[in-house]
Amino acid sequence: MKNTTHPALMGSLNSPAPSNAVINFSPGPTSLPKEVEHNIAKIFNSSGLTTLALSHRSPEFVEILDHAVAMVRQVMEIPNNYEVLFTHAGGHGQFAALPLNLCKELTDKATYVVSGTWSERATEEAQKYCQVDIIDNKDSKTGKYTDFPTLTEEKIDTNSKFIYLCSNETVNGIELHELPSLPNSRKHIPLIVDASSDFSTKPIDWNGSGIGVLFACASKNIGHPGLTITIIRNDLLGKGKASPLCPGVFNYTTNSDAGNLWNTPATFNIEVVGLLMDWLEKQGGIKENEKRSIKKADLIYQVIDQSKGFYKTPINKPSIRSRMNVPFNICNGDEALTNQFLIESWEKGMVGLRTLTPFGTGDYLRASLYNGVTIEDAQTLASFMIDFSIRNKV
Ligand SMILES: *Cc1c(COP(=O)(O)O)cnc(C)c1O
């Protein structure tokens, strides 16, 4: 069975299945809902210039930008004391922008909660620009992250400029279904959230959770790579607050003052976010989308939990299992069966279940269930998983 050159085993996303049978379970970039992809195609069939050619300062684009910002605000129920920015350079751009904006001096302190690979990366980036305190609970035996640390007073320096966390660890499969509340004595510290892979899939209690900045790269749930939505509480803005080293293109105040037009924004990508938000609104808004996310994830976790160990997922606590990215292995990672699973599912059109990441292929396959994946799509995978386990019972 071992055939390392089969395209399915090399992470190919081009399945021979008919295009309407292809389901993209990639962790990102990935597919948007079919209706949104259709609306994107429509842009190019209309007369007039599109956002690939429109000047960012033209009235036509400004209308598209204003619409995208207004729809993000409406769908995500963002209060008036927050600014919505479209920033550059993906999630990684914000890993650097955050300490550069919130720590004026290299000696300023920041607290990073590390619960997986992405918060680890953010920490490494921040260490260039501030003094980082780390809160984590990596399993000392396995070196793996399987739980979210508790945030107690003694772990958080009262002078910390911010507390950073990732609300969905895309690789490890740990999600906060609700943001943690900080200890009373630390509520003055702004909470920073990397919501790159769960933004738009559940409501957010902005002021209640003490959010200072929340960012999400577009390429998981809401659009295309490069663009990031960065939402900032306005008391954190102001001239002279950022480090003098902060590049203009990363400076929150500079970009907020310029109304997202300090330099050329990613015009087309911004229009796509607007279309995605229109779609979410039409689908019943954020609470309905959360229900769909729960349903999709439940379908896959149920198969895993009822498989008597044929499938296993690394996160045992249901309260922190990711609804967005479901990691699973087959017969404890049996190589021949895993390869057979990947080839069979790929031939049926289920692609992206094992992709290369900056952290390797990992021990687990992963089903990513973003907005582009429907409940029916999740059911198709769940049914295949059941069928595969019956045929290959050991
Ligand atoms: C994908 C991802 C990132 C990185 O985003 P880029 O756009 O590739 O820079 C950061 N954080 C999380 C949680 C992610 O899933």
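Criteria and thresholds
- Residues numbered from 1 in each chain as written.
- Predicted model: local features only at pLDDT ≥ 70, side-chain atom pairs only at ≥ 80, totals over all residues.
- Heavy atoms only, no water.
- Helix = DSSP H or I, 4+ residues; strand = E, 2+ residues; numbered from the N terminus.
- Buried < 20%, exposed > 50% of the residue type's maximum accessible area, 1.4 Å probe, protein only.
- Contact = heavy atoms within 4.5 Å.
- Areas by Shrake-Rupley, 256 points an atom, 1.4 Å probe, with all protein chains shown as cover.
- Lys, Arg positive; Asp, Glu negative; His and termini not counted.
- Charge placed at Lys NZ, Arg CZ, Asp CG, Glu CD.
- Axes fitted to C-alpha atoms, helices over the stretch in contact; angles between N-to-C directions.
- Parallel < 35°, antiparallel > 145°, perpendicular 65-115°, else oblique.
- Left-handed = near helix turned anticlockwise from the far one by under 90°.
- Near = heavy atom within 4 Å.
- Polar contact = N/O pair within 3.5 Å; in protein donor to acceptor, adjacent residues only side chain to side chain.
- Nonpolar A, V, L, I, M, F, W, Y, C, P; charged D, E, K, R; others polar.
- Pairing = 2+ DSSP bridges.
- Core = buried A, V, L, I, M, F, W, Y, C linked by side-chain atoms within 4.5 Å.
- Phe/Tyr/Trp six-rings, centres within 6.5 Å; stacked < 30°, edge-to-face > 60°.

Caption draft 1: Fine view of the overall build of the protein. Looking only at helices and strands, the protein features nine helices and 14 strands. With the C-alpha coordinates aligned to their principal axes, the bounding extent of the protein is approximately 65 × 60 × 35 Å. Counting over 394 residues, the protein shows a buried share of 56%. At a minimum sequence separation of 6, the contacts of the protein that also span at least 24 residues come to 71%. In the form shown here, the protein has an accessible surface area of approximately 16800 Å², with 51% of it arising from carbon and sulfur atoms. For the protein, the distance from the average site of its 37 positive side-chain charges to the average site of its 42 negative ones is 3 Å.

Caption draft 2: Layout of the packing of helix α1 (residues 34-45) against helix α6 (residues 267-282). It is the contact of α1 with α6, at a shortest axis distance of 10 Å, that shows an interaxial angle of 135°. Viewed along their axes, α1 and α6 adopt a mutual orientation that is oblique. You can see that α1 and α6 cross each other, and the crossing is right-handed. Facing α1, whose interface residues are Glu-35, Val-36, Asn-39, Ile-40, Ile-43 and Phe-44, α6 presents Phe-268, Glu-271, Val-272, Leu-275, Leu-276, Trp-279 and Lys-282.

Caption draft 3: Structural view of the site of the ligand. Inspection of the region around the ligand gives 13 residues, with Gly-91, His-92, Thr-170, Asp-194 and Lys-220 positioned closest. A distance of 2.5 Å separates an oxygen atom of the ligand from a polar atom in the side chain of Thr-170. Take Asp-194: an N or O atom from its side chain is 2.7 Å from a nitrogen atom of the ligand. About the coverage of the ligand: the protein hides 86% of its 390 Å² of free accessible area. When residues of the shell around the ligand are assigned to their parent elements, the largest contribution, four residues, is made by helix α3 (residues 90-102). Split into classes, the residues belonging to the shell around the ligand amount to four nonpolar, seven polar and two charged.

Caption draft 4: Structural view of the packing of α3 against helix α4 (residues 117-126). Following both chains from N to C, one finds α3 and α4 inclined at 45°, their axes separated by 9 Å at the closest point. Considering their axes alone, α3 and α4 lie oblique with respect to each other. The way α3 lies across α4 gives a crossing that is right-handed. In this structure, α3 contributes His-92, Phe-95, Ala-96 and Pro-99 to the contact, and α4 contributes Trp-118, Arg-121, Ala-122, Glu-125 and Ala-126.

Caption draft 5: Examining the sheet that holds strand β2 (residues 82-87) more closely. A sheet is described by the order of its strands in space; here seven strands give the open sequence β2-β10-β9-β8-β5-β3-β4, paired in mixed fashion. Strands at the two margins of the open sheet, each flanked by one partner only, are β2 and β4 (131-136). Each neighbouring strand pair of the sheet contributes to a mean axis angle of 20°, computed without reference to strand direction. Packed onto the sheet, α3 meets β2, β3 (109-114), β5 (163-166), β8 (191-194), β9 (211-217) and β10 (228-233) and runs at close to 160° relative to β9.

Caption draft 6: Representation of the nonpolar core within the structure. Formed by 58 residues in total, the largest nonpolar core has its most connected members in Phe-86, Phe-199, Trp-206 and Met-277. Beyond its immediate chain neighbours, meaning those up to four positions away, Phe-199 contacts Val-72, Met-76, Ile-204, Trp-206, Leu-214, Ala-216, Asn-221, Ile-222, Ile-229, Ile-231 and Met-277. Membership of the second largest hydrophobic core comes to 34 residues, among which are Ala-297, Ile-300, Ala-367 and Ala-378.

Caption draft 7: Structural view of unusual backbone geometry. Going from Gly-28 to Pro-29, the amide bond is cis rather than trans, its omega being -10°. On the secondary structure map, Pro-29 appears in the loop between β1 (23-24) and α1. Positive phi is not limited to glycine here, since Ser-200 has a value of about 80°. Mapping Ser-200 onto the fold places it in the loop between β8 and β9. Positioned with a positive phi, Asn-332 is a non-glycine residue whose angle comes to about 55°.

Caption draft 8: The side chain of Asn-339, seen in detail. Inspection of the secondary structure puts Asn-339 in helix α8 (residues 335-347). Its relative accessible area of 4% is what places Asn-339 among the buried residues. The residues contacting Asn-339, other than those within four sequence positions of it, are Leu-9 and Arg-354.

Caption draft 9: Highlighting the packing of aromatic side chains. For the coordinates displayed, the defined rule picks out 15 aromatic pairs. Here Phe-310 and Tyr-311 contribute two aromatic rings whose centre-to-centre distance is 4.9 Å and whose plane-to-plane angle is 80°, an arrangement assigned as edge-to-face. Consider the rings of Tyr-311 and Phe-328, whose centres lie 6.0 Å apart with planes at 80°: the pair is edge-to-face. You can see Tyr-311 sitting in strand β11 (residues 311-312) and its partner Phe-328 sitting in strand β12 (residues 325-330), a full 17 residues away along the chain.

Caption draft 10: Up close: the sheet that holds strand β14 (residues 365-368). In space, the three strands of this open sheet follow the order β11-β12-β14, with antiparallel pairing throughout. Two strands lie at the open edges of the sheet, namely β11 and β14, each paired on one side alone. Against the sheet, α8 touches β11, β12 and β14, its axis set at about 130° to β12.

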